[in-house]
Amino acid sequence: MRIAGLTGQGIEFATEVIVRACAMKGLNVYTFRWFPTIVRGGFTYSEIRISDEEVNALPDRIDVLAVLDESGLKDLDSLLSEDSIMLIDEGLSIPHHDWRVVRQPLKKASSEAKSRLNVVVVGFISGLLGLGYDVVSIVLEKISKKDLLESNLRGVEAGYKLFVESSLESFDLPSLSVSKSVVQGSDMVALGALSAGCKFFAGYPITPSTSIMEKLMKWLPEVGGLAVQVEDELSAVNMVIGASYAGARSMTATSGPGLSLMVEGIGFSAMAEIPIVVVDVQRVGPSTGIPTAYEQGDIDLATHPSHGDVPRIVLAPSTIEEYYSMTVTAFELADRYRCPVILLLDQVYVMNYFTLDKLEASRASGRKYVSRVRGEGLQVFPSYSGLADCIPSPPLDGFLVVASSVEHDVRGLSMQDGQTHVEMSWRRLGKLRELEENPVEWEVLGDTDSSEAIVSVGSCRGAVEEALEKVRGSGRMIMHIPLKQLWPLPRKLGETLRNIEKIYVVEQNASGQLLNLISSMLPKTAELKSIRKFDGCPFRPGEIYKGLVSDGGV
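On a predicted model such as this, the values are computed, not experimentally measured, just so you know.

(A) Region of interest: the overall build of the chain. Along the backbone of the chain there are 19 helices and 22 strands. A compact globule built from 554 residues should have a C-alpha radius of gyration of about 24 Å, and the chain, at 26 Å, falls within 12% of that. Overall, the chain is about 85 × 60 × 45 Å in size when its C-alpha atoms are taken along their principal axes. Counting only residues that meet the buried cut, the chain has 57% of its 554 residues in that class. Summarising the internal contacts of the chain: among those between residues at least 6 apart in sequence, 74% fall at separations of at least 24. Of the roughly 23200 Å² that the chain leaves accessible, carbon and sulfur atoms contribute 50%. Looking at the chain, you have 54 positive and 71 negative side-chain charges, and the mean spots of the two groups are 3 Å apart.

(B) How the structure looks around the sheet that holds strand E8 (residues 198–203). Strand order in this open sheet of seven strands is E9-E8-E10-E11-E13-E12-E20, and the pairing throughout is mixed. With one partner strand each, in any of the chains shown, strand E9 (226–229) and strand E20 (485–487) form the two edges of the open sheet. Ignoring which end each strand starts from, the neighbouring axes of this sheet average 20 degrees apart. Here strand E12 (residues 313–315) runs beside E20; their pairing, made up of two bridges, is antiparallel. Note on E20: the bridge partner recorded for Leu315 is Gln485.

(C) Helix H16 (residues 460–473), seen in detail. Its 14 residues give H16 an end-to-end C-alpha distance of 20 Å, which sits within 8% of 20 Å, the value for a rise of 1.5 Å per residue. All buried positions along H16 are accounted for by Cys460, Arg461, Gly462, Ala463, Val464, Ala467, Leu468, Val471 and Arg472. Residue Gly475 follows H16 closely and has a positive phi angle near 95 degrees.

(D) Just unusual backbone geometry, in detail. Backbone torsion omega between Thr207 and Pro208 reads 10 degrees, so that peptide bond is classified as cis. Residue placement: Pro208 occurs in the loop between E8 and helix H7 (210–219). Although it is not a glycine, Ser287 sits at a positive phi angle of roughly 50 degrees. Its relative accessible area of 64% is what places Ser287 among the exposed residues. A positive phi angle is found at Arg338, which is not glycine, with a value near 50 degrees. As for its position among the elements, Arg338 is in the loop between helix H12 (320–337) and strand E13 (340–346).

(E) Quick peek at the pattern of salt bridges. The full count for this structure, using the stated rule, is 27 salt bridges. Across the pair Glu452 and Arg476 runs a salt bridge whose closest N-O atoms are separated by 2.7 Å. With a gap of 24 residues between them, Glu452 in strand E18 (residues 452–457) and Arg476 in the loop between H16 and strand E19 (479–483) connect regions that are remote in the sequence. You can call Glu452 buried: its relative accessible area is 11%. For Arg476, a relative accessible area of 11% gives the class buried. Sharing partners across several salt bridges, the network here consists of Glu322, Glu443, Arg461 and Lys484.

(F) Fine view of the domain arrangement of the chain. Segmenting the chain into domains produces domain 1 (2–179), domain 2 (183–356), domain 3 (379–431) and domain 4 (445–549). Each of domain 1 and domain 3 was reduced to a C-alpha centroid, and the two centroids are 59 Å apart.

(G) Representation of the sheet that holds strand E17 (residues 445–446) in the model. Across the sheet, five strands lie side by side as E17-E19-E18-E21-E22; this open sheet has mixed pairing. Looking at strand neighbours, the two that pair on one side only are E17 and strand E22 (527–532), the edges of this open sheet. Here strand E21 (residues 502–507) pairs with E22 via six bridges, running parallel. Residue pairing in the sheet places Lys502 in a bridge with Glu527 of E22.

Conventions we followed
Residues numbered from 1 in each chain as written. Predicted model: local features only at pLDDT ≥ 70, side-chain atom pairs only at ≥ 80, totals over all residues. Heavy atoms only, no water. Helix = DSSP H or I, 4+ residues; strand = E, 2+ residues; numbered from the N terminus. Rg over C-alpha atoms; globule rule 2.2 N^0.38 Å. Buried < 20%, exposed > 50% of the residue type's maximum accessible area, 1.4 Å probe, protein only. Contact = heavy atoms within 4.5 Å. Areas by Shrake-Rupley, 256 points an atom, 1.4 Å probe, with all protein chains shown as cover. Lys, Arg positive; Asp, Glu negative; His and termini not counted. Charge placed at Lys NZ, Arg CZ, Asp CG, Glu CD. Pairing = 2+ DSSP bridges. Axes fitted to C-alpha atoms, helices over the stretch in contact; angles between N-to-C directions. Expected span 1.5 Å × (residues − 1). Salt bridge = Lys/Arg side-chain N within 4 Å of Asp/Glu carboxyl O. Domains from an automatic or database assignment.

As structure tokens, then:
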């Protein structure tokens, strides 16, 4: 379903109420919100997909459209069918249509109940979906501001009464036995950081990553940590580097423009071998772009974030659960390889609501703190043991740990000769060979013996899998690799695709950044196809299915 209108009409609040009511009934929910950068007056909508089965993508069709303003009729394309229901105030005009229109005195009911229009709409929808007035009332009591609770309850009651009087049949959604948790991707990242033993966060507000900072500012002090808002992204990344050098697992979060400013700091972290975690919640670019819209346009920047030969790890989780688990992993990898780890996230997961059965919590080993040392004649700690794997050793008690942004030897002491640079370059780059051979969260889904394959990144996974269910139903076999380690590129990618004849790369940017990144690993004999979307909205399964059908002839 979609709730559409203008910013300032409370569409996000209405969405949260419906989502939480569905979660109480044990239903699965996937949401997406489109909104402009202005606070009031711009066109906005929320889509809520509800099912008793797992859902990981937007639907191909809207069954219910609730319109709070005439602007809500925008961007519908072919999403409505003749069976779709449009709920609209009796005073609004609409163009010619082929769907079912339900006109109700929504604004009048809102005025009489001395409540808000969005809450009256929630009341009507609660009846239409079969959620029930009681369930929605419980949700309102939990999330309403105290001074608005009575007004909200009156509004829901008025809207529910309109539904009862409308004689419409309810969808009567099932009620499952166990309720679910409602989460956003920002919750999962913040919880993952806490589980990993993160003790310091520095950040500068930037859409769409700000909610991660807000949650860590609330939660970190409860576990003895510290989160600070600083004056810009340069300060954020350098404070994180300093805190990490002092012994604390540290993280920052930003978006594309902020990541651009952090480039020098990321290079410093790599050269000085100080572990940090940088979260990048991608948005439409370049420059300011569309700050509130969704795109996967930072792949190039994240995988090549600085001048020179920079050891770095780039991870891109593909499910809401992985937003937690791979945040924990990011801290572990940063410490093991003593380099920056960039967690490349999607706006659609970070800012929207999802349901979760349960969270498989994990507890990372944390970092061993080096005791403060005093006295003369201290030995400088040698970072490398000299072993062939090039993996640096963790600092030990009783040593002086030196970090330098200029070229240096294994002890961190400045050396400007060419031979030292050759030796240290090989060590810094060589330490990631282990990850090339054994990548993080490697998965191959579907038909491993097929002659066709799809490689996707991030949140595209859900839409791809749903499209493939339909494709496979026709007898066409296609393998799917949701690539979650973008750097270093896994050798398994080339090995798995060695005999594939046709490879589709699914991503959300204009230039095919993922395709360009992995092209060196793809078989030269394979036919490469790019399925791209960059209008600020996530893929729908039908869009990917259409790309496969038009090319493959299902």
